[in-house]
Amino acid sequence: MRVLVTGGAGFIGSHTVLALLEAGHEPVIGDNFANSSPKVLERLEQIAGQPVTCHEVDLTDVAATDALVADVKPDAVIHFAGYKAVGESVEKPLMYYTNNLDSTFAVLAAMTEHGVEKFVFSSSATVYGPDAPLPYHEEYEPLRATNPYGWTKAMIEQIVTDVAAASPGFKAALLRYFNPIGAHESGLIGEDPSGTPNNLMPYIAQVAVGRREKLGVFGDDYDTKDGTGERDYIHVVDLAAGHVAALDHLDTMSESARAFNLGTGQGTSVFELLHAFERACGKELPYEVGPRRAGDLPVTYADPTRAREELGWKAEKTIDDMCVDTWRWQSANPNGFGG
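First, a word on scope: everything that follows refers to the structure included in this document.

**Some words on the pattern of salt bridges**
As enumerated under the stated definition, the model contains 12 salt bridges in all. The shortest N-O distance in the salt bridge between Arg292 and Asp221 comes to 3.0 Å. Taken together, the residues span a long stretch of sequence, with Arg292 in the loop between strand 13 (287–290) and helix 10 (305–311) and Asp221 in the loop between strand 8 (215–218) and strand 9 (230–231) at a distance of 71 residues. For Lys225, the salt bridge identified is with Glu272, shortest N-O distance 3.3 Å.

**Focus: the nonpolar core**
Core analysis: the biggest nonpolar cluster contains 42 residues, and Leu44 and Leu175 have the highest contact counts within it. Elements supplying a minimum of two residues to this core: strand 1 (2–6), helix 1 (11–22), helix 2 (39–48), strand 4 (76–79), strand 6 (171–177), helix 8 (236–249), strand 11 (257–262) and helix 10. Leave out the neighbours within four places in its chain, and Leu175 touches Val120, Phe121, Ser122, Ser123, Ser124, Gly242, His243, Ala246, Phe260 and Leu262.

**Some words on the environment of Ala70**
Of note, Ala70 is situated in helix 3 (residues 62–72). Separated by 41 residues in sequence, Ala70 and Met111 place their C-alpha atoms 8.9 Å apart.

**Some words on unusual backbone geometry**
A cis amide bond, omega -10°, links Leu134 with the succeeding residue Pro135. Summarising the element assignment, Pro135 is placed in the loop between strand 5 (118–124) and helix 6 (148–166). For the bond running from Glu141 to Pro142, omega is -5°, close enough to zero to count as cis. For Pro142, the position within the fold is in the loop between strand 5 and helix 6.

**Here we look at the side chain of Ser89**
Position of Ser89 among the secondary structure elements: in helix 4 (residues 86–91). In this structure the side chain of Ser89 is engaged in a polar contact, spanning 3.1 Å, whose partner is the backbone nitrogen of Tyr149.

**What about the packing of aromatic side chains?**
Enumeration according to the criterion identifies 7 aromatic pairs in this entry. Residues Tyr128 and Tyr136 carry aromatic rings whose centres are separated by 4.7 Å and whose planes lie at 35° to one another, so their mutual orientation is tilted. One exposure class covers both Tyr128 and Tyr136, and it is buried. One aromatic cluster in this structure is built from Tyr128, Tyr136 and Phe178. One Lys or Arg, Arg212, reaches over the ring of Tyr203 and ends 5.9 Å from the middle of that ring. The ring of Tyr222 carries the charged tip of Arg292 above its face, separated from the ring centre by 4.1 Å.

Cut-off values and rules
- Residues numbered from 1 in each chain as written.
- Predicted model: local features only at pLDDT ≥ 70, side-chain atom pairs only at ≥ 80, totals over all residues.
- Heavy atoms only, no water.
- Salt bridge = Lys/Arg side-chain N within 4 Å of Asp/Glu carboxyl O.
- Helix = DSSP H or I, 4+ residues; strand = E, 2+ residues; numbered from the N terminus.
- Core = buried A, V, L, I, M, F, W, Y, C linked by side-chain atoms within 4.5 Å.
- Buried < 20%, exposed > 50% of the residue type's maximum accessible area, 1.4 Å probe, protein only.
- Contact = heavy atoms within 4.5 Å.
- Polar contact = N/O pair within 3.5 Å; in protein donor to acceptor, adjacent residues only side chain to side chain.
- Phe/Tyr/Trp six-rings, centres within 6.5 Å; stacked < 30°, edge-to-face > 60°.
- Lys NZ or Arg CZ within 6 Å of the ring centre and 35° of its normal.

Pasting the structure below:
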């Protein structure tokens, strides 16, 4: 089917475009390159061996988004587009609420206007908040995000659920990501955050390639296996496969909107990830332990049972796979897509 992939030039979006192509779908990217590089497109074409269609568009522009959907005539939409830095969302909440909600409103309005009824949404485990019991399960309520970024995800999940309930035939999968890392095995595309990385893996990779002096570890006195925080890391290629599985499942889904955890179901500590990356790059990496960071939880990980049983999907790649693939990407592209 023809699939409009909003934010398809980004880290997860670009890998999903490849997964869609491999599955025989026809992805069309809509992106304004606010958090991505146009260079991704030539890399995608190099990997896929075929042209990749992209429309440069600001999805908060209602008229432009409507024109995009009218032109592309998609059978489905996978919606990645949005700002995603937790810290920045705390500093600039209005910017996050405006961008993430307005772009979603425009996309859903255009879908409604042009009769597009299949929707896959890029949500996040941040919607569970600080009180959800481990492992996180999709039935947990109420959702209580701890930052504006997370609240935009929780709000959009509710908006999409309401739109689907009011629209006979509309089906939506709400995919709650845990911690996507890794890169395509070709080393041609990977995570390329602008400025100082907000997430652990790209920071480690930039230390390994010499762009950062050392890794800062936020606390080693948690009640965990080695005192550092544990997270459920998932390879971006596995995550991309989850989107294709969700897309293919929409027709047979009994509910109009349903949430799915995309994670491994296992926690990996900061030190475990650091040492796995050291194995991948063949050298020890400098780090310094500092105080805990406000708002960080000791442990988060998914219950991925629903995705396995209903989507026929599970994460296949290991932490070592994630580190090897990240190092291949970062070492070949020390400055990301910038050179």
